[in-house]
Structures are given as structure tokens and as C-alpha cells.
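Reading the structure
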Amino acid sequence: IQGQTAVCLGGTGQYSIPPVANTTLTWSVTPSAGVVINASGNSADILFLNLGTYTVDVVPSNECGVGASTQTVVNVTAPPVVSVPVQQIVCANNPNISASATPAGGTWTCVSCPSGAAITGAGLVSGLSIPGERYVFRYTFTDAVCPSQFAETAVLYGIAQGGTVGASATVCAGSNGLLQLTGQ
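This is a predicted model, so every value here is computed, not measured. (Residues numbered from 1 in each chain as written. Predicted model: local features only at pLDDT ≥ 70, side-chain atom pairs only at ≥ 80, totals over all residues. Heavy atoms only, no water.)

Considering the overall build of the protein chain
Rules: Helix and strand definitions follow DSSP, with helices as H or I runs of at least four residues and strands as E runs of at least two, each counted in order from the N terminus. Each residue's exposure class comes from its accessible area (1.4 Å probe, protein chains only) as a fraction of the maximum for that residue type: buried when under 20%, exposed when over 50%, partly exposed otherwise. Residue contacts are defined here by distance: any two heavy atoms, one from each residue, within 4.5 Å place the two residues in contact. Using a 1.4 Å probe, the Shrake-Rupley method yields the accessible areas, and only the shown protein chains count as cover for residues.
Scanning the protein chain for helices and strands turns up zero helices and 18 strands. Counting only residues that meet the buried cut, the protein chain has 26% of its 184 residues in that class. Taking as baseline every contact in the protein chain between residues at least 6 positions apart, the subset at least 24 positions apart corresponds to 51%. Approximately 10,900 Å² of the protein chain is accessible, and the part contributed by carbon and sulfur atoms is 54%.

Quick look at the sheet that holds strand S15 (residues 134-141)
Where we set the bar: Note: two strands are recorded as paired if DSSP finds a minimum of 2 bridges between them. The convention used is that axes are lines fitted to C-alpha atoms, helices contributing only their stretch in contact, and that angles between N-to-C directions extend from 0 to 180 degrees.
Read across the open sheet, the four strands follow the order S10-S16-S15-S12; overall the sheet is mixed. This sheet does not close on itself; its edge strands, each paired only once, are strand S10 (87-90) and strand S12 (107-112). This sheet shows a mean twist of 30 degrees between the axes of neighbouring strands, independent of strand direction. Pairing of S12 with S15, which is carried by five bridges, proceeds in the antiparallel orientation. Note on S15: the bridge partner recorded for cysteine 110 is phenylalanine 137.

Quick notes on the pairing of strand S5 (residues 35-40)
Relative to strand S6 (residues 43-48), S5 runs antiparallel, the two being bridged by six bridges. Directly across from alanine 39, in S6, lies its bridge partner alanine 44. What sits between S5 and S6 in their antiparallel hairpin is a turn of two residues, with glycine 41 showing a positive phi close to 65 degrees.

Notes on the state of the cysteines
To keep it simple, the criterion reads: Note that a disulfide, as used here, is simply two cysteine sulfur atoms within 2.5 Å.
Summed over the entire model, instances satisfying the criterion amount to two disulfides. Residue pairing for cysteine 8: its cysteine sulfur links by disulfide to cysteine 146, the two sulfurs lying 2.1 Å apart. Here cysteine 8 and cysteine 146 share a disulfide; its torsion about the S-S bond, 100 degrees, makes the bridge right-handed. A residue pair is termed long-range when its members are at least 10 positions apart, and cysteine 8 in strand S2 (residues 6-8) and cysteine 146 in the loop between S15 and strand S16 (149-157) qualify at 138 residues. By the burial criterion, cysteine 8 is buried, and cysteine 146 matches it. Here cysteine 110 engages in a disulfide with cysteine 113; their sulfurs sit 1.5 Å apart. Sign of the S-S torsion, about 130 degrees for the bond between cysteine 110 and cysteine 113, identifies this disulfide as right-handed.

If you want it as C-alpha cells, here you go:
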């Protein structure tokens, strides 16, 4: 049987054998739970709705009897779970940061990068320059079996944190006073 030996959960594998004249082919999958078979002659599209290891089987038959079955094993895997920090706050004195994500091996791209900000595929962010601006970055991970998965994170740049004024002071008109600001 020709076809995929690894399929992503919820995906369809396409299988075939060489055509045989005057022969009926019966396709089956073991275990059969969570499997939908759409067979037509020497080919079958098989939808896998559960994780696990399956055996795809095709049996030929004609007026002479039932022939030997042909099999292939298919592993159904889950798509990767991509995780990034939901949001990061970066101080104005640190315009270059390194983004992190799991699983390792994906690539970063910029979704919203005003005024020249950029991110390398490895996650090095540079060019943050507008205080209070929100920059959005996307991490995409692709494996050999499942479609690409992605997650996005936002970076808030240079947001000032409020402070508090120290004790009350009395200042006369025309003179100077001193206020102490804390918490910055």
C-alpha cells in the first residue's frame, strides 16, 4: 500500500495499490473507532479522528476467491502546542530583547512593527523606539506531519510607571521648593 505512514490528528491519509482488473478491493482500518474510510477501487482516503497506531488493510477478491491482504501501519499524532508569553513590558532603556517560545525550532515574524522594529527568525527583537507602542510578533512552528501552528505575543515598549510624591510641602510665592518623587 502506498500512502502516508504518519498523519496529523483530524487529517486524511491517501492510500492506493496498483489496479487489478476484475477485482473488488475491500479497505479496512484496525482499530476502526474514529476512522472514516472513503474508498473507490484501488484508492482510499482515510480520515483519522483519534490518536494512535492504525493498520490499513486492503483485501482483493474476484470469482476465483479472496486474495491475501496488504497492510501498512499509520501513526496518528497530535499537532504541536505552540506557547509564547501573552504580553511583555519592556522598559525604554532596553530596546533590544530576545523572544522565547516552545517548542524550539520555529521562526518569528513581525505582525505589527511600527517605526522600523524588527524580529529575526530566531527571536531577537530590535528597533523598539516609540514609548507606549504595542508591537506584535508571531511564532510559527512546523513539523513534518501536522500543519503549521502559531501563537502571537505583544510587547509594550517604554510604558512609564507612575510614582508617588513624598510628604506635603509648603512653598511661598516667588520661592523654590523641593518635591521628592518615588516609585519610578
